[in-house]
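Understanding the architecture of this molecule
As a plain string of letters, each chain reads:
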Amino acid sequence: MTSKELRKFFLDYFAKRGHKIVPSSSLVTDDPSVLFATAGMQQFKPFYLGQDSPYGKNVASCQKCVRTSDIDEVGDHSHLTFFEMLGNFSFGGYGEDFKGEAIKLAYNFIFEELKLSLQDSYFTVFEGDAAVPADKESEAIWGRMAGSRATIQRYGRSDNFWGPTGEVGPCGPTTEIHYKNTEIWNIVFNEYYQGLDSSLKPLAQKGIDTGMGFERLLMMVQDKGTVFETDLFAPIMGKIPGADMRARRIIADHIKSSVFLICDGVLPSNLERGYVLRRILRRATRYGRLLGLPRDFLMPLAETVIGIYREVYLELAVNEDNILTAIHAEQDKFEKVIDEGLREVKALEKTLTGVSDGANDPRIVAELSASDDMINRLFDLYQSKGMPLELVFEEFDNDHIHYDKAGIQERFNEKLKKHQEISRAGAEKKFGGVGGEVSEEAKKLHTATHLLHSALRKVLGLHVKQMGSDITSDRLRFDFSHPAKMTAEELVKTEELVNYAIREDLPVDKEVMSYEEAIAGGALAFFREKYPAEVNVYSIKGYSKEICAGPHAERTGDLLQFRIVKEESSSAGVRRIKAVLGQVK
Ligand code: SER
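In what follows, the accompanying structure is described. Everything quoted here is computed from the prediction, not taken from an experiment. (Residues numbered from 1 in each chain as written. Predicted model: local features only at pLDDT ≥ 70, side-chain atom pairs only at ≥ 80, totals over all residues. Heavy atoms only, no water.)

Attention now moves to the nonpolar core. Counting residues in hydrophobic clusters, the biggest one holds 99 residues, and the most contacted among them are Ile110, Trp185 and Ile327. Looking at this core element by element, the count peaks at 10 residues for helix α8 (residues 245-263). Other than its neighbours up to four places away in sequence, Ile110 contacts Lys115, Leu116, Ile177, Ile184, Trp185, Met212 and Leu217. (Core = buried A, V, L, I, M, F, W, Y, C linked by side-chain atoms within 4.5 Å. Buried < 20%, exposed > 50% of the residue type's maximum accessible area, 1.4 Å probe, protein only. Helix = DSSP H or I, 4+ residues; strand = E, 2+ residues; numbered from the N terminus. Contact = heavy atoms within 4.5 Å.)

What follows is about the site of the ligand. The full set of residues close to the ligand is Ala39, Met41, Arg67, Met85, Trp162, Asn186, Val188, Asp209, Thr210 and Gly211. In the model, an oxygen atom of the ligand is placed 3.0 Å from a nitrogen or oxygen of the Asn186 side chain. Mapped onto the shell around the ligand, the elements with two or more residues apiece are β8 (182-194) and β9 (200-213). By residue number, the principal contributor to the shell around the ligand is β9, which donates 3 residues. In terms of residue class, the shell around the ligand is made up of 5 nonpolar, 3 polar and 2 charged. (Near = heavy atom within 4 Å. Polar contact = N/O pair within 3.5 Å; in protein donor to acceptor, adjacent residues only side chain to side chain. Nonpolar A, V, L, I, M, F, W, Y, C, P; charged D, E, K, R; others polar.)

In space, the 3 strands of this open sheet follow the order β14-β15-β16, with antiparallel pairing throughout. Only two strands of the sheet have a single neighbouring strand rather than two, namely β14 (509-514) and β16 (544-547). Put simply, the sheet's adjacent strands are angled 25° from each other on average, direction ignored. Running at roughly 115° to β16, helix α16 (residues 440-459) makes contact with β15 (534-540) and β16 of the sheet. (Pairing = 2+ DSSP bridges. Axes fitted to C-alpha atoms, helices over the stretch in contact; angles between N-to-C directions.)

Here we take up a negative patch on the surface. Taken together, the side chains of Asp509, Glu511, Glu516, Glu517 and Glu534 make up a negatively charged region of the molecular surface. Counting residues per element, the ones that place at least two in the negative patch are β14 and α18 (515-520). Take Glu516: it is sitting in helix α18. Accessibility expressed as a relative area gives 58% for Glu516, which makes it exposed. (Patch = residues over 30% accessible without salt bridge, like charges linked within 9 Å, V, L, I, M, F, W, Y side chains within 5 Å. Areas by Shrake-Rupley, 256 points an atom, 1.4 Å probe, with all protein chains shown as cover. Salt bridge = Lys/Arg side-chain N within 4 Å of Asp/Glu carboxyl O. Lys, Arg positive; Asp, Glu negative; His and termini not counted. Charge placed at Lys NZ, Arg CZ, Asp CG, Glu CD.)

Burial of β15 is extensive: 6 of the 7 residues sit out of reach of the surface. Of the pairings in the sheet, the one linking β15 to β16 comprises 4 bridges and is antiparallel in character. From the neighbouring strand, Tyr538 faces β16, where its bridge partner is Glu546. The antiparallel hairpin formed by β15 and β16 contains 3 residues in its connecting segment, where Gly542 sits at a positive phi of about 85°.

What follows covers the pattern of salt bridges. Using the criterion set out here, one finds 34 salt bridges in the structure. Residue Arg154 pairs with Glu139 through a salt bridge whose shortest N-O separation is 2.9 Å. With Arg154 in strand β5 (residues 152-155) and Glu139 in helix α4 (residues 136-146), the pair connects residues that are 15 residues apart, well separated along the chain. Note on Arg154: relative accessible area 52%, which makes it exposed. The exposure class assigned to Glu139 is partly exposed, which follows from its relative accessible area of 22%. One salt bridge connects Asp479 with Arg576, and the closest N-O pair in it is separated by 2.7 Å. Of the two residues, Asp479 sits in strand β13 (residues 476-481) while Arg576 sits in strand β18 (residues 574-581), which places them 97 residues apart along the sequence. Residue classification places Asp479 among the buried positions, given a relative accessible area of 9%.

With that settled, consider the side chain of His19. Summarising the element assignment, His19 is placed in the loop between α1 (3-16) and β1 (20-21). Residue His19 is classed as buried on the basis of its relative accessible area, which comes to 6%. From its side chain, His19 meets the backbone oxygen of Arg17 in a polar contact 3.0 Å long. Beyond its immediate chain neighbours, meaning those up to four positions away, His19 contacts Phe14, Asn58, Val59, Ala60, Asn88, Phe89, Tyr94 and Leu105.

Moving on: α1. Helical periodicity: at 3.6 residues per turn, an α-helix aligns residues three or four positions apart in one direction. Between its first and last C-alpha atoms α1 spans 20 Å; for 14 residues at 1.5 Å apiece the expected length is 20 Å, and the two agree. Within α1, the full set of buried residues consists of Ser3, Leu6, Arg7, Phe10, Leu11, Tyr13 and Phe14. Seen from one end, α1 has its buried residues packed into an arc of 150°, which puts them on one side. Facing away from the buried surface of α1 by more than 90 degrees, the exposed residues are Lys8 and Lys16. Positive backbone phi, at 80°, marks Gly18, one or two positions downstream of α1. (Expected span 1.5 Å × (residues − 1). Arc of directions from axis to C-beta.)

Taken N-terminus to C-terminus, the directions of helix α9 (residues 272-291) and helix α14 (residues 389-398) make an angle of 10°; their axes are 10 Å apart at the nearest point. In terms of axis orientation, α9 runs roughly parallel to α14. Here Arg286, Arg289 and Leu290 of α9 come into contact with α14, specifically with Glu390, Leu391 and Glu394. For the contact of α9 with α14, the class distribution of residues is 2 nonpolar, no polar and 4 charged. (Parallel < 35°, antiparallel > 145°, perpendicular 65-115°, else oblique.)

Okay, structure coming up:
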């Protein structure tokens, strides 16, 4: 079977059994708790919680996914950053025996339709723990289906429990089919809802969420040793010459992710999704340089990717020009970075060895050690010029320069780690309180944040808790727990309450006390923060009392006027408000 045939075979199988076939969603989803769609269930998340599904209760799909958590393993026989996930899903449509129904559908597909060998397979089930009972039912069902030939293994939370995606949402125990020692099908019984405090509550409606990595299944069906030998990869691999198999596979995977991400509207940048794309594209470019591939080698590869999938994902053909233009531009930019970096490397070689042009010069025997100076210069090259260390090493090798590779790499990594810790600490500080140097505007926005928090608790209820906050010099952003979109009326009421407090021109009082005393006195705390023994409590009489590092405006009147500019979803169960302060008109 070709990939096209297998994909269709799967979807037809479920269509014939009463499932509506739903097209893949975009990789860029409207669930802000994830950067990209990472599973088939992503687009169906609300239907597990009781929201009506416009597709009916039983659906199946082939979903485009990007997962970067396994990026370091790409290059082995089966890990990928872009993959397709086949799945069938049910939102209470499989009846009382929902586990039996889901397992039967999977079993018949794998062993009767595809005729994979039961001898080479085994099944796993959840073994049970303090919160969730052992899945004896699934174990019995597999036993009934496969008889004495069934091998069943029991595992705990880390293996046989799935979800939620993001912080809250549907989740539950899983049962899996493994074939030739590779997990191929994961069947999730969405029986629980995980809340913000990590507690599990039983869901009213029992959901099914299954996922089967398409490339892996294809590898099994086409009887190949790696996914890179299937027809989803062979044409790309054929266009990447070189002996280094790992490098070739990384390039093939990364160009595919890049094509699909750009197709769904992501462009290389230094932020969030764009940053992931930039990293993937640059990594591919870097491996191409190491393999000695020509400049612009990614273009024919991107065209090949589009060729493989254009009849399946019609958006690829529509966006072909944009995809190729974006890849060309980013590769070109990075090649220039590398050229500039290589010039610096030459200069570095010159000062470190005292020889003007190191190329092919047998006289160079100087050992470049992992000296402080050396590490600082290489780090600077990486940090400010974007030059990857591997390419520096490559250049040293070309120039026959002796150097302590392991030592340099180790000290470079140490420095990188330290640097990342410092940036992370900076980011965390921003999250909890304002801290550091703060503008007058930021102080006012900070006070407005407290007023907003208390207003939301009055308008929406006491379940509202701060989940995050970010203040720039011209706006505040406040994330809070609340299960639904706010209505226009709720927004107006909230705004009015804050503006009322502003018009009263109340003083913002600060007291220092122990954390226990503050909590006992009813001060709100941001639950993710670790507080010191002594804390500041800022109060605005009649409105707000919060533990907070500060600083704040002196009086609420300084805020002039408060306006909500946006209310949107931040992640499942978490809303986000953006607001500004302005002149009274
Ligand atoms: N959501 C589960 C997974 O990603 C099953 O689809 O494995």
